[in-house]
Amino acid sequence: MKTHVISVLAGDGIGPEVMPVAQAVLDSACEGSDVELRWEERPWGTDYFRSHGRMMPLNAIDKMADTDAIFLGAVGHPEVPDAETLWGMLIPIRREFDQYINLRPIKSLPGVRSPLANHEGIDLVIVRENVEGEYSAVGGRSGVGTEYAAAYQQAIFTKHGVSRAVSFAAELASERNGDLVSATKSNGIVHTMTFWDEVVAEVAGGFPEVRLTPMLIDALSARLVQSPQSFDVIVASNLFGDILSDIAAATVGSIGIAPSANLNPEKRHPSMFEPVHGSAPDIVGRGIANPVGQIWAGAMMLDHLGHPDLAVDVELALRSVLSSGLSTPDLGGQATTVQVGDAIVAALAGK
Ligand code: NAD
Ligand code: IPM
Ligand code: MN
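About the cut-offs
- All chains use their own residue numbering, which begins from 1 and follows the written sequence.
- Think of it this way: whatever chain is written first is A, whatever ligand is written first is 1, and the rest follow in order.
- Only residues with pLDDT of at least 70 get local features here, since the model is predicted, and only at 80 or more are side-chain atom pairs given and counted; chain-wide, interface and lining totals rely on the full set of residues.
- Either an automatic procedure or a domain database provided the assignment from which the domain bounds are taken.
- By definition, residue pairs are in contact when their C-beta atoms, positioned from the backbone, come within 7 Å.
- Residue polarity is assigned by list, with Asp, Glu, Lys and Arg as charged and Ala, Val, Leu, Ile, Met, Phe, Trp, Tyr, Cys and Pro as nonpolar; anything else, Gly included, falls into the polar class.
- Strands are runs of DSSP state E lasting at least 2 residues, helices are runs of H or I lasting at least 4, and numbering of each runs from the N terminus.
- Nearness is defined per residue: the C-beta atom, placed using the backbone, must lie within 6 Å of the molecule or strand.
- UniProt positions are given in the numbering used here, feature names are shortened, and annotations may be inferred rather than shown by experiment.
- One less than the number of residues in a helix, times 1.5 Å, gives the span that helix is expected to have.
- Whether a residue is buried, exposed or partly exposed follows from its count of other C-beta atoms within 10 Å of its own C-beta, namely 20 or more, 12 or fewer, or something in between, respectively; the C-beta atoms are built from the backbone.
- Arc definition: it is the arc formed by the directions from the helix axis to the C-beta atoms.
- Strand pairing is defined by DSSP finding a minimum of two bridges between the two strands.
- Lines fitted to the C-alpha atoms define the axes, with helices restricted to the stretch that makes contact. Angles between their N-to-C directions range from 0 to 180 degrees.
- What sets the label is the angle itself: under 35 degrees gives roughly parallel, over 145 gives roughly antiparallel, 65 to 115 gives roughly perpendicular, and the rest give oblique.
- Handedness of each helix crossing follows the sense of rotation of the near helix against the far helix: counterclockwise by less than a right angle gives left-handed, clockwise gives right-handed.
- Each nonpolar core reported here comprises buried Ala, Val, Leu, Ile, Met, Phe, Trp, Tyr and Cys residues connected via C-beta atoms within 7 Å.

## Here's the deal with the domain arrangement of the chain
Interfaces are often described in size by the accessible area the parts lose on coming together.
Part 1 of the reasoning: Domain assignment breaks the chain into domain 1 (1-101 + 257-351) and domain 2 (115-251).
Part 2 of the reasoning: Listed as interface residues are eleven residues of domain 1 and, on the opposing side, eleven residues of domain 2.
Part 3 of the reasoning: Of the residues belonging to the side of domain 1 that touches domain 2, the class tally is six nonpolar, two polar and three charged.

Rendered as structure tokens:
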């Protein structure tokens, strides 16, 4: 029996609603196999912050370092500034464990409602640089409370940081269709983006089988809505990749279904798996959150842990349930979070 220890951080908002549903699906996928998931529940997040003044204990990173993966729900609460919650939990985990790739696959789900008339055949992956770029800690305010009040932020791109993200994306593109689009904004205005382009071109040059197309982020965003089918692998900076992943998720129906993997590809540290969406305060407590993003992120975790067969089982089960018409309201259905989870467990049991 192969046992994997998973740090479970359900977090805030709908995180604790979708997390147990996803855990039940993953447990049922493992049933009858020689794989077992041992869940280490960590009650960290905004409630913890309210009683302890921090989002996680001081030794949180050490506690998670020895576990095989981190399964995260969502972080963020309307009553506490995001600067406290996100810089106290989500961002430090990504950085301390050098999870420099944020992998966000988007695939059409036949039978699922989408805002696009033609949403068949979408199959793309966003490779988002995950630890530097626009999300830098260098910044602040000056002249607070005066008419000279200002805020500033330093975007920091390093050759090392951009190269490793592009290398990962080019490798992935070479295993897929060979098409790599780089999201940029290099029309002479943003210094960091001309630098991005240079490093991207240099690294992609080492992959002769990959066709690189740099595309300005504004036109790229429009094309992502008009013809998402025309993309295969998109490599993007931290902020551009963040925005593109919500747009891409919407093209296949809802941001509630999109998964993401924060990877330390060398496996020197645990990687973290979470849905693309946030804590969704507007629907919290109603039992209608779509659990598919969390479940799909769990499938990516199984794949990362060395069980691609189990990951495929989970993906097929969730596809069959969604295509049968059972879905939560964000996809036009009337099912609850738990009903969708139960149906996916039943589909796995009947496989
Ligand atoms: P959000 O993703 O939480 O919600 C945006 C919209 O999508 C809302 O209308 C919400 O109801 C809907 N939605 C999201 N997930 C859904 C699901 N699973 N099922 C059905 N509908 C769903 O984004 P937001 O409202 O801009 O942010 C809320 C909080 O979450 C903020 O504090 C933000 O910083 C945080 N956030 C955290 C993460 C993360 O933990 N990785 C990601 C994004 C946002
Ligand atoms: C995401 C989220 C986070 C990000 C926020 C909450 C900091 O939007 O994981 O997509 O931008 O990385
Ligand atoms: Mn986001």
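## Some remarks on the environment of Ile6
Part 1 of the reasoning: If you trace the backbone, Ile6 turns up in strand β1 (residues 2-11).
Part 2 of the reasoning: Residues Ile6 and Ser279, spaced 273 residues apart in sequence, show a C-alpha to C-alpha distance of 21 Å.
Part 3 of the reasoning: Those residues in contact with Ile6 that sit more than four places away from it in its chain are Leu37, Arg38, Trp39, Glu40, Thr67, Asp68, Ala69 and Phe71.

## Here's the deal with the site of ligand 1
Part 1 of the reasoning: In the neighbourhood of ligand 1, 22 residues make up the surrounding shell, with Gly76, Gly256, His277, Gly278 and Asn290 lying closest.
Part 2 of the reasoning: With three residues, the single largest contributor to the shell around ligand 1 is helix α4 (residues 82-96).

## Some points on the UniProt feature "domain: Isopropylmalate dehydrogenase-like" (unreviewed entry) in the chain
Part 1 of the reasoning: UniProt's entry tags residues 5-344 with the feature "domain: Isopropylmalate dehydrogenase-like" (unreviewed entry), counted in the numbering of this structure.
Part 2 of the reasoning: The annotated region residues 5-344 carries 40% helix and 20% strand content, and the separation between its end C-alpha atoms amounts to 23 Å.

## So, the site of ligand 2
Part 1 of the reasoning: By nearness alone, every residue bordering ligand 2 is listed as Leu86, Leu90, Asp242, Val276 and Gly278.
Part 2 of the reasoning: Here the residues of the shell around ligand 2 sort into three nonpolar, one polar and one charged.

## Topic: helix α8 (residues 238-251)
Part 1 of the reasoning: Under the 1.5 Å per step criterion, the end-to-end length of α8 is 20 Å for 14 residues, consistent within 8% with the ideal 20 Å.
Part 2 of the reasoning: Residues Asn238, Phe240, Gly241, Leu244, Ser245, Ala248, Ala249 and Thr251 constitute the buried set of α8. All buried residues of α8 fall inside an arc of 155° around its axis, so they share one side.
Part 3 of the reasoning: Turning to α8, the residues buried within the fold contact β4 (101-107), β5 (123-129), β8 (179-184), α7 (217-226) and β10 (233-236).
Part 4 of the reasoning: Looking at the residues trailing α8, positive phi occurs at Gly253, about 135°.

## Structural notes on the sheet that holds β8
Part 1 of the reasoning: What the ten strands build is an open sheet, ordered β2-β1-β3-β12-β11-β4-β5-β10-β8-β9; its pairing is mixed. The outermost strands of the open sheet, each flanked by one partner alone, are β2 (35-41) and β9 (211-216). Across this sheet, the average inter-strand angle for adjacent strands is 25°, counted without regard to direction.
Part 2 of the reasoning: Along the sheet, α7 contacts β8 and β9; its crossing angle with β9, the most-contacted strand, is approximately 105°.

## Notes on unusual backbone geometry
Part 1 of the reasoning: Backbone geometry places Asp98, a non-glycine residue, at a positive phi of 45°.
Part 2 of the reasoning: Relative to the helices and strands, Asp98 resides in the loop between α4 and β4.
Part 3 of the reasoning: A positive phi angle, near 45°, is found at Ala280, a position not held by glycine.
Part 4 of the reasoning: Of note, Ala280 is situated in the loop between β12 (271-275) and α9 (292-304).

## Considering the environment of Ile243
Part 1 of the reasoning: By the element assignment, Ile243 lies in helix α8.
Part 2 of the reasoning: Overall, the presence of 14 C-beta atoms within 10 Å leaves Ile243 in the partly exposed class.
Part 3 of the reasoning: For the pair Ile243 and Ser221, spaced 22 residues apart in sequence, the C-alpha separation works out to 9.0 Å.

## With respect to the packing of helix α5 (residues 159-175) against helix α6 (residues 191-204)
Part 1 of the reasoning: Two elements in contact, α5 and α6, have axes whose closest approach is 9 Å; the angle formed by their N-to-C orientations is 45°. By the criterion of interaxial angle, the relationship of α5 to α6 is oblique. For the pair α5 and α6, the sense of crossing is right-handed. Residue-level contacts link Lys159, Val162, Ser163, Val166, Ser167 and Ala170 of α5 to Trp196, Val199, Val200, Val203 and Ala204 of α6.
Part 2 of the reasoning: Within the contact of α5 with α6, the residues separate by chemical class into eight nonpolar, two polar and one charged.

## Observations concerning the nonpolar core
Part 1 of the reasoning: Judged by nonpolar contacts, the single largest core of 106 residues is most densely connected at Val25, Val127, Ala169, Leu180, Ile234, Val314 and Ile344.
Part 2 of the reasoning: The residue makeup of this core includes at least three contributed by each of domain 1 (1-101 + 257-351) and domain 2 (115-251).
Part 3 of the reasoning: Excluding anything up to four places from it in sequence, Leu180 contacts Ala169, Ala170, Ala173, Ala204, Val210, Arg211, Leu212, Val233 and Val235.

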